[in-house]
Amino acid sequence: MNSPQRTLLFISTPVGALGTGQGGGVELTVQNVAQELQQRGHQIEVVAPTGSVLKGIRVTEIAGELQIAVQTQGRNVPIYMPENPALANMWEYARQVQDNYDLIVNFAFDWLPFYLTPFFRTKVAHFISMGSMTEALDAVMNQIAEKYPNCIGVYTKSQAETFPFANKCEILSSAIDLSLYNFCDTPGDSMAWLGRIAPEKALEDAVTAASITGIPLKIYGKIQDRAYWQKIQQDFPDAPIEYMGFLSTEELQQELGKSRALIMTPRWIEAFGNVAIEALACGVPVIAYRRGGPSEIVRDGKTGFLVQPDSINDLVTAMKNIDTIERIDCRQQAETEYSLTVLGDNFEAWFDKILG
Ligand code: HBI
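The shown structure was predicted, so the numbers you read here are calculated from the model rather than taken from an experiment.

Caption draft 1: Molecular detail of the site of the ligand. In the vicinity of the ligand, 17 residues are found, and the nearest of them are Thr13, Gly23, Gln71, Phe109 and Asp110. Protein contact buries 96% of the 390 Å² of open area that the ligand shows by itself. For the shell around the ligand, the class distribution of residues is nine nonpolar, seven polar and one charged.

Caption draft 2: Local environment of the pairing of strand β8 (residues 191–194). Of the two faces of β8, the one lined by Met191 and Trp193 and the one lined by Ala192 and Leu194 are each fully buried. Across four bridges, β8 lies against strand β9 (residues 217–220) in parallel orientation. Of the residues in β9, the one forming a bridge with Leu194 is Tyr220. Where the polypeptide runs from β8 across helix α6 (residues 203–213) and back to β9, its parallel neighbour, the crossover connection is right-handed.

Caption draft 3: Just the pairing of strand β1 (residues 7–11), in detail. With four of its five residues buried, β1 lies for the most part within the structure. Relative to strand β2 (residues 43–49), β1 runs parallel, the two being bridged by five bridges. Bridge pairing links Thr7 to Gln43 in β2. After leaving β1, the chain enters helix α1 (residues 25–39) and then returns to the sheet as β2, a path that is right-handed. In this sheet, strand β4 (residues 103–106) lies alongside β1 in parallel orientation, the contact comprising four bridges. Considered in β4, the bridge of Leu8 is made with Leu103.

Caption draft 4: Structural view of the UniProt feature "domain: Glycosyltransferase subfamily 4-like N-terminal" (unreviewed entry) in the chain. Under the UniProt annotation, "domain: Glycosyltransferase subfamily 4-like N-terminal" (unreviewed entry) lies at residues 24–117. Its end C-alpha atoms 25 Å apart, residues 24–117 is made of 35% helix and 16% strand.

Caption draft 5: Molecular detail of the UniProt feature "domain: Glycosyl transferase family" (unreviewed entry) in the chain. Listed under "domain: Glycosyl transferase family" (unreviewed entry) in the UniProt record, and renumbered for this structure, are residues 194–322. Secondary structure across residues 194–322 comprises 40% helix and 16% strand; the distance between its end C-alpha atoms is 18 Å.

Caption draft 6: Seen up close, the packing of aromatic side chains. In the structure shown here, the tally under the stated rule is 14 aromatic pairs. The interplanar angle of 10° and the centroid separation of 4.6 Å between the aromatic rings of Trp111 and Tyr115 together place this pair among those described as stacked. Of the two residues, Trp111 and Tyr115 both sit in helix α3 (residues 111–116), four residues apart, roughly one turn of that helix. Relative accessible area serves as the criterion here: at 39%, Tyr115 is assigned to the partly exposed category. Pairing Phe347 with Trp350 gives two aromatic rings, centres 5.7 Å apart and planes at 75°, and the pair type is edge-to-face. Placement of the pair is Phe347 and Trp350 together in helix α13 (residues 340–355), with a separation of three residues, close to one helical turn. A relative accessible area of 1% places Phe347 in the buried class. An aromatic cluster is built from Phe10, Phe107, Phe127, Tyr155, Phe272, Tyr338, Phe347, Trp350 and Phe351, whose rings are joined through pairwise contacts.

Caption draft 7: Spatial organisation of the domain arrangement of the chain. We note that the domain assignment places domain 1 (7–175 + 339–355) and domain 2 (178–337) within the chain. Computed over C-alpha atoms only, the centres of domain 1 and domain 2 are separated by 27 Å. The partner domain 2 presents 22 residues to the 25 residues of domain 1 that form the contact. Here domain 1 packs against domain 2, burying approximately 1800 Å² in sum over the two surfaces, 57% of which is carbon and sulfur. Between domain 1 and domain 2 we count zero salt bridges in total. Inspection of the domain 1/domain 2 interface yields eight residue pairs in polar contact (both at pLDDT 80 or more). Elements with a contribution of two residues or more to the side of domain 1 that touches domain 2: α1 and α5 (157–160). Each residue belonging to the side of domain 1 that touches domain 2 can be placed in one class, and the counts come to six nonpolar, 17 polar and two charged.

Parameters at a glance
- Residues numbered from 1 in each chain as written.
- Predicted model: local features only at pLDDT ≥ 70, side-chain atom pairs only at ≥ 80, totals over all residues.
- Heavy atoms only, no water.
- Near = heavy atom within 4 Å.
- Areas by Shrake-Rupley, 256 points an atom, 1.4 Å probe, with all protein chains shown as cover.
- Nonpolar A, V, L, I, M, F, W, Y, C, P; charged D, E, K, R; others polar.
- Buried < 20%, exposed > 50% of the residue type's maximum accessible area, 1.4 Å probe, protein only.
- Helix = DSSP H or I, 4+ residues; strand = E, 2+ residues; numbered from the N terminus.
- Pairing = 2+ DSSP bridges.
- Right-handed = clockwise from strand over helix to strand, strands pointing away.
- UniProt positions renumbered as here; feature names shortened; annotations may be inferred.
- Phe/Tyr/Trp six-rings, centres within 6.5 Å; stacked < 30°, edge-to-face > 60°.
- Domains from an automatic or database assignment.
- Contact = heavy atoms within 4.5 Å.
- Buried area = accessible area lost by both parts, 1.4 Å probe.
- Salt bridge = Lys/Arg side-chain N within 4 Å of Asp/Glu carboxyl O.
- Polar contact = N/O pair within 3.5 Å; in protein donor to acceptor, adjacent residues only side chain to side chain.

Below, the structure written as structure tokens:
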């Protein structure tokens, strides 16, 4: 099926510059969707905070203060805006150039782009990157979901179900550029934990399980909450853990590939879990709590293990049984389910629905 060629304006998350890791999984999603659709002949411009870098994609950088990450706030907090918000500046730019585009695609999990949707002449699609976070956001998203059919896209069904407008969400899944990840069949001794280091990711559970099993745990990712990371180091002075830093995809896949497993312990409903498919693509099985995105990705007993949420005991058992998983099955799953081809098809179909 051939989708008509579109001109698309992507507006990135305002919590960090693309390429820094501050924006979490959605950074990878913006890169991958832009890259695949551009390759298919669509015209793409990405608008993102100053300092953003994307491979092979035209980026317009916009200055201003970054937005506070909404998951660090309570459910009932009012909407917050800094004095000179990058978010508002990006949307002012979008307002000026809107007539050059068939569609604007919002990747911010923020109130303003939803509120502004009816004020634009060009249609706006919203890609939502997390589960429900605050009452004010649920309300504005719900209004837009009701008013503009098909305009809301999400990663997974579990994520959609956290919202009052669950049945109005397009499920788009996620993907990675598989050519950037090499299959590794000869792992070392250690397991891996990968993600933004912040409380909702519950790194302490993986560290506890590493302490109990004695299996070394290498930790990768952006330290977003320094106090939280310091507390983990204080609480587990003897744990067999090593912090490896925030690595480029090339370095990461090389290190990650040598892991016996990736341990995913999110406390929240992870919308997707791009790190799960990065691991699978390297042939690394995934051990995850049976909740949110990872529970829809991992094939229990085949490409990893899904365990009872928040159960350290079950994590430990799964870690001990990891050698029953065939690493080639993991790579296979990534290739069939999480290629950029599948992602491109899903996004094109979504845009076709909106634009007719
Ligand atoms: N918080 N306010 C706000 N806006 C976002 O776009 C946002 C966020 N927190 C996290 C986030 N986006 C991304 O890191 C997702 O990948 C989770």
